[in-house]
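Structure at a glance
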Amino acid sequence: MREEWKDAAIGAYRTRYHQVWGHSFDQLSSGNYDRCVWYTGPSSYLLRWGSRRIGIDLQFRMSWIREQIESRLAKDLASLDALIVTHSHSDHFDPEVLKAVAGSSVKVYLPAFLDQEKVYATGLTDDQIVWLAYGDRFSIGELSFTTLEAPHMGKDGHGVPEVGFIAEGDGKRIFFPGDVRNYETDLYAQVGHVDTMFLHIWLGRGNALNFPCEPWLSELTAFASSFTPDTVYCGHLYEIGRPLHEMWTYTHAGLVRDSLVAKLPDCDVTAPRLGQPYPL
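Overview of the layout of surface pockets
Approximately 450 Å³ is the volume found for the largest pocket. Every residue lining the largest pocket is counted, 21 residues in all, and those nearest its centre are Y13, Y238, Y250, R273 and L274. For the lining of the largest pocket, the secondary-structure elements that each account for two or more residues are helix 1 (3–30), strand 1 (36–41) and strand 12 (231–235). With 8 residues, the single largest contributor to the lining of the largest pocket is helix 1. Class assignment for the residues of the lining of the largest pocket results in 15 nonpolar, 4 polar and 2 charged. The space that makes up the second largest pocket amounts to roughly 210 Å³. As for the second largest pocket, its lining consists of 17 residues, of which H89, H152, R181, R205 and R242 are closest to the centre.

Some words on the nonpolar core
Within soluble globular proteins, side chains that are nonpolar generally end up buried alongside one another. One finds Y17, W21, F60, L77, L80, L110 and L124 to be the most contacted residues of the largest nonpolar core, which totals 35 residues. Apart from the residues within four sequence positions on either side, L80 is in contact with F25, L28, L46, R53, I54, G55, L58 and V106. If you look at the next biggest cluster of nonpolar residues, it comprises 31 residues, including V180, Y188, L220 and F227.

Re empty space enclosed by the protein
Tallying each qualifying case throughout the model produces 2 cavities of 30 Å³ or more. By volume, the largest cavity amounts to about 170 Å³. Y13, P42, Q59, R61 and I65 are the residues nearest the centre of the largest cavity, which is lined by 15 residues in total. At the level of secondary structure, the elements contributing two or more residues to the lining of the largest cavity comprise helix 1 and strand 1. Split by residue class, the lining of the largest cavity holds 8 nonpolar, 4 polar and 3 charged. When its volume is computed, the second largest cavity comes out at roughly 70 Å³. What lines the second largest cavity is a set of 13 residues, among which D57, T86, F176, G178 and H200 lie closest to the centre. Of all the secondary structure elements, the ones that give two or more residues to the lining of the second largest cavity are strand 9 (163–169) and strand 11 (196–200). The greatest single-element share of the lining of the second largest cavity, amounting to 3 residues, is contributed by strand 9. Its residues assigned to classes, the lining of the second largest cavity shows 6 nonpolar, 5 polar and 2 charged.

What counts and how
Residues numbered from 1 in each chain as written. Predicted model: local features only at pLDDT ≥ 70, side-chain atom pairs only at ≥ 80, totals over all residues. Heavy atoms only, no water. 1 Å grid on protein atoms, 1.4 Å probe; cavity = no way out; pocket = protein on both sides within 12 Å on 5 of 7 lines; lining within 4 Å. Points joined across faces, edges and corners; volume = space filled by probe spheres on them. Helix = DSSP H or I, 4+ residues; strand = E, 2+ residues; numbered from the N terminus. Nonpolar A, V, L, I, M, F, W, Y, C, P; charged D, E, K, R; others polar. Core = buried A, V, L, I, M, F, W, Y, C linked by side-chain atoms within 4.5 Å. Buried < 20%, exposed > 50% of the residue type's maximum accessible area, 1.4 Å probe, protein only. Contact = heavy atoms within 4.5 Å.

Right, dumping it as structure tokens:
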């Protein structure tokens with residue numbers, strides 16, 4: 001990774017993000033894309049399953065990104081059926097997004113361990129909120145969710161509580177493990193085979209420039225391959241607010257792909273681009 005590549009990524013956000021966001025929501029609402037996912041940020045997702053439209057960890061870590069779409073933000077967010085937040089880090093939890101959906105028909109699913117005072121300050125009320133605990137089950141249309149404790153706390157003691165989950169529908173199992181920082185954990189030992197896995201790449205604190213980022217590369221791919229996924233989408237890439245030694249890129253996704261395919265030759269490993277639809 002080079003500083004000029006990061007600068008180019010920031011430049012692309014400044015000039016193109018309104019197109020990425022608008023294109024994603026226009027496709028999401030068109031009815032022409034079923035069982036698809038769109039990335040609207042490094043760890044922000046839009047899902048369409050049947051008639052249901054779901055946002056996961058929608059956020060604008062930098063206000064100048066949100067300002068590009070301010071004129072359509074409230075209308076777009078109000079078109080969702082549900083919004084899910086997994087944990088408190090600012091690249092996943094954005095009070096400004098909650099403010100934008102407050103008073104709408106959007107049901108908001110939030111971990112009970114979030115700062116509830118901060119949540120209620122957004123204008124959300126109890127009739128719009130579903131507070132989540134580990135092991136909870138809920139449905140959004142024909143998609144059923146089971147929450148799990150995410151292993152976000154690393155062996156170095158850094159991390160926060162997080163909700164991961166399995167989404168199931170029409171015989172498909174979709175796995176969101178969350179921001180995994182301890183690949184030796186047994187928290188997900190009961191999950192078993194999944195069809196699609198959303199893998200947030202993390203290869204050691206401050207280790208992004210120490211290629212090939214071992215031992216975390218081997219630990220991550222051993223963890224991911226244990227679920228024998230058919231499809232893996234690699235996320236948490238190009239978080240432009242991070243310094244280079246903390247920022248995961250398509251180069252790291254390539255390392256993960258090579259290592260995963262060596263273990264699972266038939267696995268389809270993709271590093272998605274923002275604003276493009278991908279099948280579930």
